[in-house]
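So the chains spell out like this:
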Amino acid sequence: MKAVFTKKSSIWKYKLSLSLLAIFVAFSGSSTITTIPAHASPVVGFNPGRIIDDAVFTDANSMNASQIQAFLNSKVPTCDTWHAPGYGQNPPFICLKDYTENGRSAAQIIFDTAQQYQINPQVFIVLLQKEQGLVTDTWPLNSQYRTATGYGCPDTAPCDSQYYGLTNQLNWSGKMFRAIMNNSPNWYTPYVLGNNYIRWSPNSSCGGSNVYIENRSTQALYNYTPYQPNQAALSAGYGTGDSCSAYGNRNFYLYFTDWFNPVMTLRNNLTMSIISQPDTTPARGQTISYKVSFRNNLSSDVTVDAIGIVGRLGNVTSGANRDFGWQGPVTLRSGVTQEYTFTTVVSDIGTIYAWPAVNYQGKYIQYNNWGTAMNSHQPSISLTSPLSMTPSSPLAGQSVTLSASIKNNEDQPIQIDALGIPIRYYGKYNYDVGWTSASGTLAPGATQTVSGTTIFDKPGPYDAWVSWNLGGQYTTLSPVLSRNVVAPSPNFTLTYLEAPNLNPAVGEDVAVKFKLKNNLSVPMTIDAVGVVGRYGDPYNGANRDFGWVGPETFAANEEKTYTSFTSTVSRLDKFYSWVAINYKGAYTHYNNWGFMMTPRTANLSISSPMTINSGNPFQIGQTVPVTVSIKNNENRPIRFDALGIPVRYYGRYNYDAAWINAGTFAASGQSGDTISLSGSVNFNKSGPYTLWTSININGNYYTIGSQKTIDL
Amino acid sequence: MKIQTPKKPWKKRIFIVLPLLLTTLIAAVFAYVYIFNGSILGWSSTDPSINLDKPTDDQIKSGVKIKNESLKKDKDSSTRTTDKTVAPQGTNGSKKAVDIVITAANQNDGVLQVRGLIYDVVGDGLCTLTLSHDEQLVTKTAEPQAQASVSSCKGFDIPVSELTSGTWQLTLVYENETMKGSVSKTITIQ
């Protein structure tokens, strides 16, 4: 709930405020009232269940007869006694201020009735206005006086003559009001304290709603006018609502609050006492209390909308709202002193003004001359353990733990809505850790540790500090801890599982098997891992890489095994091989250029000599079979790209007998270690023919065994 | 020869005009205070809670509207008397319908409080409240009582012990020699 400070729109209220100001200046500890604007529109503060308080309703001594007369005079400064005839009546017209009945003035009749029934005379004045408009009427008719308070006048039928006359009307009104206020067993009202169905208007089709009637005086008013104002009536102020609007109780409320200011009556009869005021030099985060009591000096209980402590930061009128809190509605028992305690947590640094206040019918009664000024300060909170980071120099991708401990050096508990370690990457990206979700207090002298773990997944600057949150405001409790996190460089350990044959045969597969271990405590992803192969020169030799795999991700300290990198020896040249990795385009070579292999010619032999026509004679122009068998004498398989029996006529003309494509000799002693070739040749010319066995490995031909020459 | 210069006439008149002006001013102040009955500049020295300003335009307009509506109602209907013989009746000699409503039917402290409102000011006749539930029937009667602009029934406070739990139908009837009205409502007795 917010206290309202508004300009008073009417001259009367302006003068009233001046007067109140004067009272303020004169008397420390006095109270003031701040009002809402006058009822131009809409109606504010109307409560259908409590239109007026019993204490106000029964304040029979609120005005004496002369005050009533003065009031009536003020509302009709000039009576239009000789107004033109109207409604069938000729002048003179007698205004209420001048009206007499049986020798008594209207003011005296009102006063006497009020005294007789112990009802506030202001209630009768407003009744005369809301039923007949008599208070402001400058040419009232006799008929208006006859039914001055509307008593005996149903909304749907003519008035009952037995109730005619100003005195009679006021008397019946007072009689009924008093009977209801006394809860007389002889007066049966159609309403009860509690839930009641009350229509919006005499038109039953408009319906109504349940109203919880809170007090007798409201019950009495509904007894008089059994309708409640609908929203259209309330929105219209003094004006016209809609076809379902009834105005009796709305007008009663409006005229009464505008003319008699029940809030002022309440103010004059409420005694506020300060029992204890808050610490005037609190620390931010400290809980402060304001204890007050209110004594209702009225003859009846009064229910106020709320009692509270207003708090304002920096300025009593325009400062930010720092209200301690409000309780309400609160019924203040007649003659009873009731205590109220309000607490709040100081959430700002600066001057905070606080004072008790009562809200009643939309207006605030404010006490203690704008209250107590408190000057808050930053609490003394020290670091018992400075903010630390483990590891102290983390790498990107590394898990980092931050920790610190704080101590409350104040002699009061300090509220902590949240305590944490904000971390910012490049000053803005959130990597916070350690924030506590539940609020609590840090007792005097107590310590609290805040810690958390996160991963600095990117290289770059990270800043961390300890922070305390209260009421949405953050306070830094430690120096900023800065780290420029760098990206990790690959750091692997290579272990060979099996060295390659350093003297391999051409056509033999050589393998490099190894393990690679990530020595970092952060994950590492490399683009590729493989085995480099170079013939002749490790720098510029022909590329015969064993192969590459990738990208490969290693968890922190993970070791991976690679056993599938193989290469077939294809040249009789020095063959260098080593393990390498590629990381962001750069190669890291391991094992100091690795292994140097010296390939040799595979040990292949002719196991079945070459035969031509199975060794039988043949004629020129005859096509004859040619066969030969080759055996692998190596203990490893030998791969070849082609195997055949070349035949040359005069050493150059091709009469090749047989070729088979790529294949493999099994290791010696294994099935498949011998391959037989079979072909045919048509020796169609006379002259010399040369035949031999040849193997092609990676484009290079090697002769197996010796050549054979025939001359036809 | 000594020439006498005539005295300036304004010097003589000032001793007359000035007291007159002061007297008029004082009289005006007193008249003002009298007119505003003890208040100066609209400010009452006796009780600041009482507004002694002239009524606002809204307040005057609202008062005129209240007056007009009241007089219009008087004009629309002839003056009523308490003489039962001339009381209005419905057409064909039937009784005039009167609007009634059950305003409250609350259970408090073992008592069912039923309140009825008759939208007319009546002093005679009878209110009859009938409560029915299954085969059970409870009937209560009460006289009406005139209020300011309506009437109530002098009842009804019914001990809940007379009623069994469940849904009850309430029917309130008001009837006198000239008018009759009824209304029903369903409640749950717990």
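Residues numbered from 1 in each chain as written. Chains lettered and ligands numbered in written order. Predicted model: local features only at pLDDT ≥ 70, side-chain atom pairs only at ≥ 80, totals over all residues.

Chemist: Let's hear about the overall build of chain A: which residues, and what values?
Modeler: When helices and strands are tallied, chain A shows 11 helices and 50 strands. Split into buried and exposed, the 712 residues of chain A put 41% on the buried side. If you take every contact in chain A between residues at least 6 apart in sequence, the share linking residues at least 24 apart comes to 65%. (Helix = DSSP H or I, 4+ residues; strand = E, 2+ residues; numbered from the N terminus. Buried ≥ 20, exposed ≤ 12 C-beta atoms within 10 Å, placed from the backbone. Contact = placed C-beta atoms within 7 Å.)

Chemist: Now, about the environment of R295(A): what can you tell me, with residues and values included?
Modeler: Residues and elements named next belong to chain A. Relative to the elements of secondary structure, R295 occurs in strand β7 (residues 287-296). Given 16 C-beta atoms within a 10 Å radius, R295 is considered partly exposed. Considered as a pair, R295 and Q338 are 43 residues apart in the sequence and their alpha carbons are 6.4 Å apart. Contact partners of R295, with chain neighbours within four places excluded, come to T271 and T337.

Chemist: Describe in detail the confidence of the model for chain B, supporting the description with residues and values.
Modeler: Residue and element names in this part refer to chain B. Per-residue pLDDT for chain B has a mean of 78; in total, 71% of the residues score no lower than 70. Ranking the helices and strands of chain B by mean pLDDT puts strand β11 (residues 166-175) first, with 95, and strand β2 (residues 43-44) last, with 36. The low-confidence segment residues 32-45, where pLDDT is below 50, has 25 contacts with residues more than four positions distant or belonging to other chains. Contacts for the low-pLDDT stretch residues 78-92, under 50 throughout, to residues beyond four places or in other chains number 22 contacts. Predicted as a complex, the structure gets a pTM of 0.54 and an ipTM equal to 0.72. (pLDDT = per-residue confidence, 0-100.)

Chemist: Can you explain the packing of helix α7 (residues 166-181) of chain A against helix α8 (residues 216-224) of chain A? Please cite residues and give values.
Modeler: Residues and elements named next belong to chain A. Remark: α7 packs on α8, axes separated minimally by 9 Å, with the N-to-C direction vectors making an angle of 140°. On the basis of their axis angle, the class for α7 and α8 is oblique. Between α7 and α8 lies a crossing whose hand is right-handed. Between α7, through M176, F177, I180 and M181, and α8, the contact on the second element is made entirely by R216, S217, Q219, A220 and N223. A breakdown of the residues in the contact of α7 with α8 according to their chemical character gives five nonpolar, three polar and one charged. (Axes fitted to C-alpha atoms, helices over the stretch in contact; angles between N-to-C directions. Parallel < 35°, antiparallel > 145°, perpendicular 65-115°, else oblique. Left-handed = near helix turned anticlockwise from the far one by under 90°. Nonpolar A, V, L, I, M, F, W, Y, C, P; charged D, E, K, R; others polar.)

Chemist: So what's going on with the interface of chain A and chain B? Residues and values would help.
Modeler: Facing 67 residues of chain A, the contacting portion of chain B comprises 56 residues. Ranked by residues supplied to the side of chain A that touches chain B, first place goes to helix α3 (residues 65-75) of chain A with seven residues. Of the residues that constitute the side of chain A that touches chain B, the class distribution is 31 nonpolar, 29 polar and seven charged.

Chemist: I'd like a description of the sheet that holds strand β20 (residues 418-420) of chain A, backed by residues and values.
Modeler: Residue and element names in this part refer to chain A. Strand order across the open sheet formed by three strands is β20-β26-β27, with antiparallel pairing between neighbours. Whereas interior strands pair on both sides, the edge strands pair on one side only; in this sheet they are β20 and β27 (473-476). Within the sheet, the average angular offset between the axes of one strand and its neighbour, ignoring direction, is 20°. In terms of strand pairing, β20 meets strand β26 (residues 467-470) through three bridges, oriented antiparallel. Paired with L419 across the bridge in β26 is W468. (Pairing = 2+ DSSP bridges.)

Chemist: I'd love a proper account of helix α10 (residues 248-260) of chain A, names of residues and values included.
Modeler: Each α-helix winds once per 3.6 residues, and so residues spaced three or four apart point in a common direction. Residue and element names in this part refer to chain A. If you check α10, its first and last C-alpha atoms are 17 Å apart, about what 13 residues at 1.5 Å a residue would give, namely 18 Å. Summarising burial for α10: 13 of the 13 residues are buried, a large majority. Positive phi shows up at N261, right after α10, with a value of about 45°. (Expected span 1.5 Å × (residues − 1).)

Chemist: Give a detailed account of the confidence of the model for chain A, specifying residues and quantitative values.
Modeler: With 94% of its residues at a pLDDT of at least 70, chain A reaches an overall mean of 89. Of the regions scoring below 50 in pLDDT, residues 1-30 of chain A engages in 49 contacts with residues more than four places distant in sequence or in other chains.

Chemist: I'd like a description of the sheet that holds strand β24 (residues 447-456) of chain A, backed by residues and values.
Modeler: All names here are of chain A. Ordered by their spatial adjacency, three strands build an open sheet running β17-β18-β24, and the pairing between neighbours is antiparallel. Every interior strand has two partners, whereas the edge strands, β17 (381-390) and β24, have only one. With direction set aside, neighbouring strand axes in the sheet form an average angle of 10°.

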